[in-house]
Amino acid sequence: MSGIQTMGQKNLMFFSGRAYPELAEEVAKNLAVEITPTALRDFANGEIYVRYLESVRGCDAFIIQSHTAPINKWIMEQLIMVDALKRASAKRVTVIMPFFGYARQDKKGRGREPITARLMADLFKQAGADRLMSIDLHTSQIQGFFDGPVDHLFAMPILIDYLRDKVDPATTTIVSPDTGRVRLAERWSDSLRTPVAFIHKRRDLDVANQVKVNEVVGKVRGRTCVLIDDMIDTGGSICKAADALYDHGATNVVVAATHAVFSEPAVDRLKNSRISEVVVTNTLPIPEAARFDKLTVLSIAPLIARAITEVFTDGSVTSLFEGDS
């Protein structure tokens, strides 16, 4: 027999950038591992320096970084961390981005626009990433932008488990804020056994974060409406959608979203809206100043830890979602 065989064992190493250390620590606790010590600092001109303080040769590396503000800095830091791992002979690098930065720019709406979600995937591939892991991508087609495996995780089971005891399926409707989320709304309704409605809206292509609600389609009068979305940025769309539901006779509106981007003036809008509760996950850091009485934050860390375990042990990530992944 030719070649050399060794009895080496796989070695999982977990790394974190500086964007959201609290989430990384929670994931590490669920994995029962320690975050690998890493020197991360900024030069005077803003350039980022990375050096791992332990050998990473031959390891199965998992790097988590939340793409929060300042988003470009944290994306760049994660890219540099990937490059450092590959140059230090890590065997496989999995990039974990709970919130995929630039995911909204996944297609050309008009001429001379970029497809920045594709650029993001290309950057991580060029840096040396072997695999991507993210939660509730803005559109599923982003999986095809990366030349390699993409683990698309879903927060829906976590959100549904929380809401299941809070709503009565007989008087509840799942509402998609636009036609693009109808398929997701159908999955919610299949799980909760409720009807589906959606809101027809138009977005001002020349002004970011500006929408106009046109019509509500579906049964909402006299019902509790669970308004679902992948992210809440400035809160304008979700608050207008809630107002439209109340105008069409809804008795209560609960919002469930995965990513709490909460750019200004989202917090003020949500606090002062007629929405009774806003349920989100902790894919992005939410400072105390951005928390309010109607906000509920659910942890995504156990899901990420389970997905890492499945990838490391060559198991099935799809099994975490009963075939929906």
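As a starting point, this report considers the structure included with it.

1. Overview of the nonpolar core
No. 1: Phe14, Val27, Trp188, Ile304 and Ile308 are the most contacted members of the largest nonpolar core, which has 43 residues in total.
No. 2: Broken down by secondary-structure element, the contributors of at least two residues to this core are helix 1 (21–31), strand 4 (60–64), strand 6 (131–135), helix 4 (156–163), helix 5 (182–192), strand 11 (224–232), strand 12 (252–260) and helix 8 (301–312).
No. 3: The element contributing the most residues to this core is helix 8, with 8 residues.
No. 4: Beyond its immediate chain neighbours, meaning those up to four positions away, Phe14 contacts Ala24, Val27, Ala28, Leu31, Val33, Glu34, Ile35, Thr36, Phe62, Ile64, Ile96 and Ile308.
No. 5: Counting 33 residues, the second-largest nonpolar core is a separate cluster that includes Val93, Met97, Ala127 and Leu137.

2. Things to note about helix 4
No. 1: Taken together, the buried positions of helix 4 are Met156, Leu159, Ile160 and Leu163. Buried residues of helix 4, seen end-on, are gathered within an arc of 100° and therefore sit on one face of the element.
No. 2: For helix 4, the elements touching its buried residues are helix 5, strand 11, strand 12, strand 13 (277–281) and strand 14 (295–298).

3. Brief notes about the packing of aromatic side chains
No. 1: By the definition in use, this model includes 4 aromatic pairs.
No. 2: With 5.3 Å between their ring centres and 90° between their planes, Phe154 and Phe321 make a pair best called edge-to-face. Residue Phe154 is found in the loop between strand 7 (150–153) and helix 4, and its partner Phe321 is found in the segment after helix 8; the two are separated by 167 residues along the sequence. Each member of the pair, Phe154 as well as Phe321, is classed as buried.
No. 3: Sitting over the ring of Phe312, Lys10 keeps its end group 4.9 Å from the ring centre.
No. 4: The cationic tip of Arg187 hangs over the ring face of Phe154; the distance from NZ or CZ to the ring centre is 4.9 Å.

4. Observations regarding the sheet that holds strand 4
No. 1: Reading across the sheet, the 5 strands line up as 1-4-5-6-7 and stay open at both edges, with parallel pairing between neighbours. The open sheet has two free edges, formed respectively by strand 1 (12–16) and strand 7, since each of these has just one partner strand. Across the sheet, the mean angle from the axis of one strand to that of its neighbour is 15°, orientation sign disregarded.
No. 2: In the sheet, strand 1 pairs with strand 4 via 5 bridges, with the strands oriented parallel. Residue Leu12 lies in a different strand from strand 4, and its bridge partner there is Asp60.

5. Some remarks on unusual backbone geometry
No. 1: Along the chain, Ala69 connects to Pro70 via a cis peptide bond; the corresponding omega equals -5°.
No. 2: Looking at the element boundaries, Pro70 is found in the loop between strand 4 and helix 2 (71–87).
No. 3: Between Glu264 and Pro265 the backbone carries a cis peptide bond, its omega angle lying at 5°.
No. 4: Examined against the element boundaries, Pro265 turns out to sit in the loop between strand 12 and helix 7 (266–271).
No. 5: A positive phi is found at Arg112, a non-glycine position, where the angle reads about 70°.
No. 6: Its location among the elements puts Arg112 in the loop between strand 5 (92–97) and helix 3 (116–127).
No. 7: For Arg112, a relative accessible area of 83% puts it in the exposed group.

Quick notes on the rules
- Residues numbered from 1 in each chain as written.
- Predicted model: local features only at pLDDT ≥ 70, side-chain atom pairs only at ≥ 80, totals over all residues.
- Heavy atoms only, no water.
- Core = buried A, V, L, I, M, F, W, Y, C linked by side-chain atoms within 4.5 Å.
- Buried < 20%, exposed > 50% of the residue type's maximum accessible area, 1.4 Å probe, protein only.
- Helix = DSSP H or I, 4+ residues; strand = E, 2+ residues; numbered from the N terminus.
- Contact = heavy atoms within 4.5 Å.
- Arc of directions from axis to C-beta.
- Phe/Tyr/Trp six-rings, centres within 6.5 Å; stacked < 30°, edge-to-face > 60°.
- Lys NZ or Arg CZ within 6 Å of the ring centre and 35° of its normal.
- Pairing = 2+ DSSP bridges.
- Axes fitted to C-alpha atoms, helices over the stretch in contact; angles between N-to-C directions.

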